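Take a look at the letters that make up each chain.
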Amino acid sequence: MRYAVIALLLLAVLAPAHPPIEPEDPADWWNQVLAGRAIKSLEEAALYAEYEPLAENYHTIHYELYLVLDPGSSPLIADAYTELELESDLDGLNEIVLEIADLTVDQVRVNSVPTTWDLDGYELTVDLPVPMDEGFLFDVRVEYHGDPSDGMWYDTANGGIVYTCGCPSASKNWFCCWDQNYEKAPATIIVTIDDDYDVTSNGHLVSDVPVSGGRHRVTFETRDAIAPYLIMLSATDYSHYRDYFYGDATIPIDYYVYPGMEDDAHAEFDYVVPTCMEVFEDLFGSYPFERAGYSVSPLPYGGMEHQTCISLLASLVRGDGHYYAIFVHEMAHMWWGDAVTAHTWVECWLNEGFATYSEVIYDEDQDGDQGRRDRLQIHRNRYDIGDNNNRSPIYDPNPLFGYLPYYKGSWVLNMLRHLMGDGDFYACLADYQADRLYSWATTEILKNNTEDFWDGNEHHSDSDMDWFFDQWVYLAGHPEYEWFYWTTGSGPDTVLHLHLDQVQSTEHETPYVFEMPVDFGVDYDGGGDEVVTVWMDERSQEFEIDLDGDVESVEFDPGYWLLCDHEDHTAVDHAEAHVSALEDGLLVDWDTGGDVVGVELYRRDGLGEAKVHELLLPAAGRYLDRSLPGEGSYSYRLVAHAADGTTLEFSTESADWRAPGEPLALATPFPNPSSDQVTVHFNLSGSGSVDLAAYDLAGRRVATLALGDLAAGRHELTWNIQDLPAGVYILRLTTGGGALTQRLVIAR
Ligand SMILES: [Zn+2]
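Residues numbered from 1 in each chain as written. Predicted model: local features only at pLDDT ≥ 70, side-chain atom pairs only at ≥ 80, totals over all residues.

## Observations concerning the overall build of the chain
Quick reminder of the rule: Only runs of H or I of at least four residues qualify as helices and only runs of E of at least two qualify as strands under DSSP, and these elements are numbered from the N terminus. Atoms counted for the radius of gyration: C-alpha only. Globule rule: 2.2 Å times the number of residues to the power 0.38. Remark: C-beta atoms are placed from the backbone, and a residue is labelled buried if 20 or more other C-beta atoms sit within 10 Å of its own, exposed if 12 or fewer do, or partly exposed between those counts. Note that contacts rest on C-beta atoms placed from the backbone: two residues are in contact if these are within 7 Å.
Tallying secondary structure elements over the chain gives 10 helices and 44 strands in all. Here the chain has a C-alpha radius of gyration of 43 Å; the compact-globule value for 748 residues is 27 Å, and the former is much larger. Along the longest, intermediate and shortest principal axes, the C-alpha atoms of the chain span 160 × 60 × 45 Å. Evaluated residue by residue, the chain yields a buried proportion of 40% over its 748 residues. Sequence-distant contacts, at least 24 apart, represent 66% of the contacts inside the chain between residues at least 6 apart.

## Looking at the environment of Leu76
Tracing the sequence through the fold places Leu76 in the loop between β1 (58–69) and β2 (77–88). Accessibility expressed as a C-beta count within 10 Å gives 19 for Leu76, which makes it partly exposed. In this structure Leu76 touches Leu69, Asp70, Asp147, Pro148, Met152 and Tyr154, once residues within four positions along its chain are discounted.

## Observations regarding the nonpolar core
Put simply, the rule is: A set of buried residues drawn from Ala, Val, Leu, Ile, Met, Phe, Trp, Tyr and Cys, joined through C-beta atoms within 7 Å, is what defines a nonpolar core.
Formed by 179 residues in total, the largest nonpolar core has its most connected members in Leu98, Val142, Val191, Ala235 and Val257. If one sorts the elements of this core by residue count, helix α6 (residues 349–389) sits on top with 10 residues. Not counting residues up to four positions away in its chain, the partners in contact with Leu98 are Leu124, Val126, Val142, Cys176, Cys177 and Trp178. Membership of the second largest hydrophobic core comes to 10 residues, among which are Val678, Val680, Leu692 and Leu731.

## Things to note about the packing of helix α5 (residues 324–332) against α6
Describing two packed helices takes the angle between their axes plus the distance from one axis to the other. We apply this condition: Axis definition: a line fit to C-alpha positions, over the contact stretch in the case of helices; interaxial angles, taken between N-to-C directions, run 0 to 180 degrees. Should an angle fall under 35 degrees it is taken as roughly parallel, and over 145 as roughly antiparallel, whereas 65 to 115 is taken as roughly perpendicular and any remaining angle as oblique. Two helices crossing with the near one rotated counterclockwise from the far one by less than a right angle form a left-handed crossing, whereas a clockwise rotation gives a right-handed crossing. In this classification, the charged set is Asp, Glu, Lys and Arg, the nonpolar set is Ala, Val, Leu, Ile, Met, Phe, Trp, Tyr, Cys and Pro, and all remaining amino acids, among them Gly, are polar.
At a minimum axis distance of 8 Å, the contact between α5 and α6 shows a crossing angle of 125°. Viewed along their axes, α5 and α6 adopt a mutual orientation that is oblique. Once α5 is placed against α6, the crossing between them reads as right-handed. Touching Ala325, Val328, His329 and Ala332 of α5 are Phe354, Ala355, Thr356, Ser358, Glu359 and Tyr362, all from α6. Grouping the constituent residues of the contact of α5 with α6 by class yields 6 nonpolar, 3 polar and 1 charged.

## Section: the pairing of strand β4 (residues 104–110)
What counts, and what does not: For two strands to be treated as a pair, DSSP must find at least two bridges joining them.
Judged from the 6 bridges that link them, β4 and strand β8 (residues 137–146) form a sheet pairing that is antiparallel. Across the sheet, Gln107 pairs through a bridge with Glu143, a residue of β8. Judged from the 2 bridges that link them, β4 and strand β5 (residues 113–114) form a sheet pairing that is antiparallel. In the strand pairing of β5, Val110 is matched with Val113. The antiparallel pairing of β4 with β5 creates a hairpin that spans 2 residues between the two strands, and Asn111 there sits at a positive phi of about 50°.

## Observations concerning the sheet that holds β8
Strand order in this open sheet of 8 strands is β5-β4-β8-β2-β1-β11-β14-β13, and the pairing throughout is mixed. The sheet is open, and its two borders are formed by β5 and β13 (204–211), each paired with just one other strand.

## Let's talk about the environment of Glu352
Looking at where Glu352 falls in the secondary structure, it is placed in helix α6. A sequence separation of 202 residues divides Glu352 from Asp150, and the C-alpha atoms of the two residues are 22 Å apart.

## Observations concerning α5
In terms of residue burial, α5 counts as a mostly covered element, since 9 of its 9 residues are buried. Where α5 is concerned, the buried positions are Tyr324, Ala325, Ile326, Phe327, Val328, His329, Glu330, Met331 and Ala332.

## Side note on the domain arrangement of the chain
Rules: Those domain boundaries reflect an automatic or database domain assignment.
Per the domain assignment, the segments making up the chain are domain 1 (46–335), domain 2 (345–474), domain 3 (480–570), domain 4 (573–657) and domain 5 (665–746). Taking the mean C-alpha position of each, domain 1 and domain 2 sit 28 Å from one another. Taken together, the contacts link 20 residues of domain 1 with 21 residues of domain 2. Among the elements of the structure, α4 (272–284) and α5 are those that each provide at least two residues to the side of domain 1 that touches domain 2.

## What about helix α3 (residues 262–269)?
Convention followed: Here, the arc refers to the directions that run from the helix axis to the C-beta atoms.
What α3 keeps buried is the set Ala265, Glu268 and Phe269. When α3 is viewed along its axis, its buried side chains cluster within an angular range of 75° and face the same direction. Tucked inside the fold, the buried residues of α3 contact β17 (250–257), α4, β18 (292–297) and α5.

## Examining unusual backbone geometry
Pro75 follows Ser74 through a cis peptide bond whose omega is 0°. If you trace the backbone, Pro75 turns up in the loop between β1 and β2. Cis geometry marks the peptide bond from Asn672 to Pro673, where omega comes out at 5°. Mapping Pro673 onto the fold places it in the loop between β38 (665–666) and β39 (677–684). If you check the backbone angles, Asn158 has positive phi at about 55° while not being a glycine. With respect to the element layout, Asn158 can be found in the loop between β9 (152–155) and β10 (161–164).

## Points about the pairing of strand β6 (residues 117–120)
Two strands pair when backbone bridges link them, and β6 and strand β7 (residues 123–132) are joined in this way by 4 bridges, in the antiparallel orientation. Opposite Asp120, over in β7, you have Glu123 as the bridge partner. The turn linking β6 back onto β7 is made up of 2 residues, and Gly121 within it adopts a positive phi angle of 65°.

## Quick look at the sheet that holds strand β43 (residues 727–735)
In a beta sheet, neighbouring strands pair by backbone hydrogen bonds and run either parallel or antiparallel. Spatially, β41-β40-β43-β44 is the arrangement adopted by the 4 strands of the open sheet, whose pairing is antiparallel. The open sheet has two free edges, formed respectively by β41 (701–710) and β44 (738–746), since each of these has just one partner strand. Neighbouring strand axes in the sheet, compared pairwise and without regard to direction, differ in orientation by 15° on average. Two strands pair when backbone bridges link them, and strand β40 (residues 688–696) and β43 are joined in this way by 7 bridges, in the antiparallel orientation. Opposite Leu692, over in β43, you have Leu733 as the bridge partner.

## Structural notes on the packing of helix α7 (residues 404–420) against helix α8 (residues 422–435)
Packing of α7 against α8 leaves a shortest axis separation of 6 Å and a crossing angle of 125°. Comparing the axis directions of α7 and α8 gives the class oblique. Helix-helix and strand crossings are classified by hand; for α7 and α8 the assignment is right-handed. Along the contact surface, α7 presents Leu416, Arg417 and Met420, while α8 presents Asp422, Asp424, Phe425 and Cys428. Split into classes, the residues belonging to the contact of α7 with α8 amount to 4 nonpolar, no polar and 3 charged.

## Focus: the confidence of the model for the chain
In plain terms, the rule: The pLDDT score gives, residue by residue, the confidence of the prediction method on a 0 to 100 scale.
Residue-level pLDDT values for the chain average 90, and 93% of them are 70 or greater. Low confidence marks residues 1–53, where pLDDT is under 50. Its contacts with residues over four positions away, or in another chain, come to 67 contacts.

This is the structure we're talking about:
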């Protein structure tokens, strides 16, 4: 038992192609995985990172694997050859490099003629006796034997079983090839083994013939190209049954289980497998291969998407449906991973993210939107484990086969789907599938396909999806939003104000700003709801959205489409203020909703801001500001303090204040009586034409003191009277608003 646990941890590190089995304690499990990974995964990651495309001077046209196996003996591979049909990609090619690890090479032939070779580590350099020009086809046969140190195992389970798993790069440990994902070609697999062992492998069974020594020779052949890591064989005493998927074509589905597991197998597979094939065929395109199937083995982890013959850990087939998502995941790999293969492992999210999101699609088909959400929640939880332990991009992730390419990959597709809309998203996937069928793909290729289907918007043209892939695939992490809302107005004039901040740290290649549409669900008072979307592309932003009615509540991302953390800081959900001019000041009235303990009030003019009232004012109220410094235009800023310590600022519009006009007045001249000069004061209630003159008692105008347009307000003038004779005079002020008089006595 203890051995089994250790094996699970180590192999989970190396095997990318399965969703890990749900651990009892995820965090602790992950720490153990990391400890195990340190030994080999770093070494492998370095290998991928420094990968030189040595094989680009040829490519593989066909694989033929010939293996004579002695289960339980040494060497396990008693006799074998790999015959590769190759095509030269340059003129004068005189040597090629292949890979074969930890096995004894006995002979190498080129076009049946023995040749010289050099094995350095696992790199096998083969001399071509005759140089091959571009386009020339030639056969290289590498004969070998030995006990594989990886990739192929003998186990005593079920009375003895031989099984393989070349993923991610251990195919070279049991056959000779250029062990890279993109090196895809059809394969023939010929296995000679004891009669007690039933054999299954990729593609379709061509023949099963008896040979000497109580053995039989079984030949499988793939119709379509296959990557080296997807080539498999599994041999034991199998119970085999066949079902069919009736889709675009009739596809045989072969199940190979241990004797006694048949009832559990029927319970697990007979509904789920053809159903998920139908769901995927509808959305992704026709099932890509000539056959489908599953075989059980002691595979130390969940499953492996071997092309047309998925490998499953036997204990997953319990008959209770507990692990159905793994079976669905591996079947989705037939489209994503097998038919369209990540070019190298740095692109592994193209295999794993797609297969993992396919679990979501299946659950959605079965259980509606709740099924989608529930599966995404599981993926979110696992993403958090991976992200918390080692944040890194899903392109070239570290660790290469951690949780991130699976579960963040799934979420990236969920976001891409929401951005594009279901119609364009699935049309794009089907197009990408058809474009790259039986070949390899990269993130850039996928991005180009999305650009063909996305409609673009006012922020980005339809030929630009860099912004999406840069932040979600080539960079790491997720946005962390803090937000709150408030409303102003009411009924059909309601305005929703949204304030959003992004507060994520930029450590570990996390973008300072994630640019994404963000949905908010609005529930209206008295029923009804709607989803409004804002485009957030700054660190801090505020949005105003016109609504049709009073708001009951606002929910962040109600559809569960966005990979993020979000914290609602709304304590004041309604706030508005208005100002109006009165004779003796400006009247501010305000109203707030939520948990408000008080409001601060500040007056603003062109010069600055002043606090109007030292103490907190009530959550709703009126305040007459009599302390205006003069006539002018003013607005008011209010700060509402909520009980939780948060604040919300809101403002009034501007209002003009004018001092009320003074009454028309003409003061008694001073001094009075007077002999040489007098001072005359008068008030004008408005600006306009003025006539101020002096008359004698006979009614003759003797002096004009002021004539013409004057401004409203107080005026003062001095009048020299030395030339006038003594007597009584009348001063008369005439304006558009009326006339006033005063008497003046001149004494000598
Ligand atoms: Zn997988």
